[in-house]
Amino acid sequence: MSRLVLFLLLFIPVCLSAQDKLDVRILTADECIDSYDVPKAYMLADEVNVRSCPNTSCTAVAVMRIGQSMKPLERSTEIDTVNGVKSHWYKIESGKIKGWIFGGFIAQHAFGSQTDPSVKFVFGIEKIVEEEVRKVPVYQIRAFRGQTQLDKISVRSFSWSMGAAHSLGAQGLDLHDIISLHVPCVGGCGCSTGDILVFWNGTRFSDVHQLVGIADAWASEGSSFVFPTDMEGEKDMVIKEDRIFLEEAEVGGYKRKMVRTFYRWNGQKLVIDPNRKKEVDTYITGG
C-alpha cells in the first residue's frame with residue numbers, strides 16, 4: 001500500500017458502533033478513532049435536566065433547551081424506559097455543561113428550513129403506544145427558532161423503524177417546507193416502506209400525508225407525489241400517483257394499475273381538485 005493511500009485511509013472518519021435493539025441509539029465519541037468525527041447531537045425535548053449520573057434519582061447539574069448542541073461522550077451500560085422508549089443514558093458535554101441525559105431526549109435527526117434559515121427542526125421518537133395486537137411508535141417533529149419552540153407535531157409510523165428526516169423545501173407550493181420522513185423496508189419481501197410528508201407553513205405544521213408502499217417484487221405497490229417543480233408538475237397542483245398490483249395476467253406478466261389523483265394546495269392543506277377526475281390506467285408488465 002502506498003504512503004499516500006495509507007495517509008488517506010488514516011484520515012477517513014471511522015466510528016465503530018455495535019447495534020443493540022433499542023429505540024434510540026446515539027453515536028458517541030468513544031466509538032470513533034478520532035473524537036472529532038462524532039457528529040454533534042441536539043436536544044429534542046426542552047428544559048431537560050442534565051444529571052450527575054445516569055439515573056433520574058441523580059442530582060440535576062444543569063438544564064438543556066430545545067435544539068441545544070452537545071457532544072455525546074459515552075453511554076451507560078444500563079438501559080432505561082421512558083414513555084415506552086428504550087435507550088441508554090448518555091454522558092454529554094455542551095460548553096461548560098457536562099453530565100448525563102436519557103437518550104430519548106436527544107434528537108435522532110436535526111436540520112434547518114430551506115426557506116427560513118432561522119427556523120430549525122429536530123426529529124425523534126416520542127413514545128411507544130400499546131395497542132391490542134402490537135406496539136406502535138409515535139414520532140415527533142419540533143420546530144424552533146433560537147431556543148424557543150414554535151410548534152410540535154406527533155406522527156404515527158406505519159412501520160417500526162424510521163430512517164432519514166430532512167426538508168424538501170417548498171417544491172413550488174405556497175409554504176415554507178415539506179419535511180420528508182423515510183420509512184425503510186425492514187424484513188424483506190412484503191415489508192411496508194415509503195415516506196411520511198409533513199407540511200410546514202412557517203408558523204405551524206399544517207398537513208400530514210403517508211405515501212405507503214409494499215416491497216414484494218412483481219407484487220410491489222407504492223405511492224408518490226408529483227410536485228409543481230417536477231418535470232410533469234403543474235402550478236399549485238400536487239398529483240398523487242398510486243401504483244397497484246392487481247393479479248397475474250392470463251397472457252403472461254402481471255396486471256397492474258396506475259391511479260392519479262389531483263390535489264390543490266389551498267394555503268393550509270391539500271384538497272382534491274373538484275375539476276379534475278382521477279386518471280386510471282390498467283396495464284400489463286413483465287412476463
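Residues numbered from 1 in each chain as written. Predicted model: local features only at pLDDT ≥ 70, side-chain atom pairs only at ≥ 80, totals over all residues. Heavy atoms only, no water.

## Some points on the pairing of strand β9 (residues 135-145)
As a reminder of what qualifies: Relative accessibility thresholds used throughout: buried, under 20% of the residue-type maximum; exposed, over 50%; partly exposed, between the two (1.4 Å probe, protein chains only). A helix here means a DSSP run of H or I that spans at least four residues, while a strand means a run of E at least two residues long, and both kinds are numbered starting from the N terminus. Any two strands with at least two DSSP-identified bridges between them are counted as paired.
The element β9 is extensively covered by neighbouring structure, given that nine of its eleven residues are classed as buried. In this sheet, β9 lies alongside strand β8 (residues 119-130) in antiparallel orientation, the contact comprising eleven bridges. Opposite F121, over in β9, you have A143 as the bridge partner. Counting the residues that bridge the hairpin from β8 to β9 gives four residues.

## Comments concerning the side chain of D207
Where we set the bar: Only four residue types enter the tally: Lys and Arg on the positive side, Asp and Glu on the negative side, with His and both chain ends excluded. Throughout this description, the term salt bridge denotes a Lys or Arg side-chain nitrogen within 4 Å of a carboxyl oxygen of Asp or Glu. Two N or O atoms count as a polar contact when they lie within 3.5 Å, although within protein this holds only if one can serve as hydrogen donor and the other as acceptor, and sequence-adjacent residues are included solely when both atoms are side-chain atoms. Note on contacts: a residue pair qualifies if any of its non-hydrogen atoms lie within 4.5 Å across the two residues.
The residue D207 is located in strand β14 (residues 205-215) in this model. K269 is the oppositely charged side chain nearest to the buried, salt-bridge-free D207, at an N-O distance of 6.9 Å. A polar contact is formed between the side chain of D207 and the side chain of H209, at a distance of 3.0 Å. Apart from the residues lying within four places of it in its own chain, the contact partners of D207 are L197, V198, F199, W265, Q268, K269 and L270.

## Observations concerning the pairing of strand β6 (residues 97-102)
Here β6 lies mainly inside the structure; five of its six residues are buried. Relative to β6, strand β5 (residues 85-94) runs antiparallel, the two being bridged by six bridges. Pairing of I92 across the sheet is with G99, part of β6. Here β5 hands over to β6 after two residues, with G95 in that stretch at a positive phi of 60°.

## Examining the side chain of R256
Residue placement: R256 occurs in strand β17 (residues 254-265). Look at R256: it is buried, it has no salt bridge, and the nearest opposite charge is E221 at 6.6 Å. Apart from residues lying up to four places away in sequence, R256 is in contact with W218, A219, S220, E221, R243, I244, F245, L246, D281, T282, Y283 and T285.

## A word on the environment of S220
Here S220 shows up in the loop between β14 and β15 (222-226). A sequence separation of 14 residues divides S220 from S206, and the C-alpha atoms of the two residues are 30 Å apart. Contacts of S220, omitting those with residues within four sequence positions, involve I214, A215, F245 and R256. Of note is the side chain of S220, whose polar atom sits 2.8 Å from the backbone nitrogen of D216.

## Overview of the sheet that holds strand β12 (residues 177-183)
Which entries qualify depends on this criterion: For every element, the axis is a line fit to its C-alpha atoms; helices are fit only across the contacting stretch, and the angle between N-to-C directions ranges from 0 to 180 degrees.
With antiparallel pairing, the four strands of this open sheet are ordered in space as β11-β12-β13-β14. The open sheet has two edge strands, β11 (165-167) and β14, and neither has a second partner. Strand after strand, the sheet turns through a mean of 20° between neighbouring axes, direction not considered.

## Concerning the confidence of the model for the protein chain
Let me state the cut-off plainly: pLDDT expresses, on a scale from 0 to 100, how confident the predictor is about each individual residue.
Summing up the model confidence of the protein chain, the mean pLDDT is 88 and the portion of residues at 70 or higher is 91%. Scored below 50 in pLDDT, residues 1-13 shows three contacts in the model against residues more than four places distant or in partner chains.

## Considering the sheet that holds β9
Strand order in the open sheet formed by four strands is β7-β8-β9-β10, and the pairing between neighbours is antiparallel. This sheet does not close on itself; its edge strands, each paired only once, are β7 (109-112) and β10 (148-156). Taking each pair of neighbouring strands and ignoring which way they run, the sheet shows an average axis angle of 25°. Judged from the eight bridges that link them, β9 and β10 form a sheet pairing that is antiparallel. Its bridge partner lying in β10, R145 is registered against T148.

## Considering the state of the cysteines
What counts, and what does not: Any pair of cysteine sulfurs within 2.5 Å is marked as a disulfide.
Enumeration according to the criterion identifies one disulfide in this entry. A disulfide bridge connects C53 with C58, and the sulfur atoms are separated by 1.5 Å. An S-S torsion of about -80° defines the bridge between C53 and C58 as left-handed. Overall, the relative accessible area of 28% leaves C53 in the partly exposed class.

## Some words on the packing of aromatic side chains
What counts, and what does not: Geometry of aromatic contacts follows a simple scheme: Phe, Tyr and Trp rings, the Trp one being its six-membered ring, pair when their centres are within 6.5 Å, and the pair is stacked under 30 degrees between planes, edge-to-face over 60, tilted otherwise.
Inspection of the entire model under this criterion finds nine aromatic pairs. Taken together, a centroid distance of 6.2 Å and an interplanar angle of 45° make the contact between F121 and F205 tilted. Pair noted here: F121 is in strand β8 and F205 is in strand β14, with a separation of 84 residues, a long-range link. Assigned by exposure class, F121 and F205 land together as buried. One aromatic cluster in this structure is built from F111, F121, W200 and F205.

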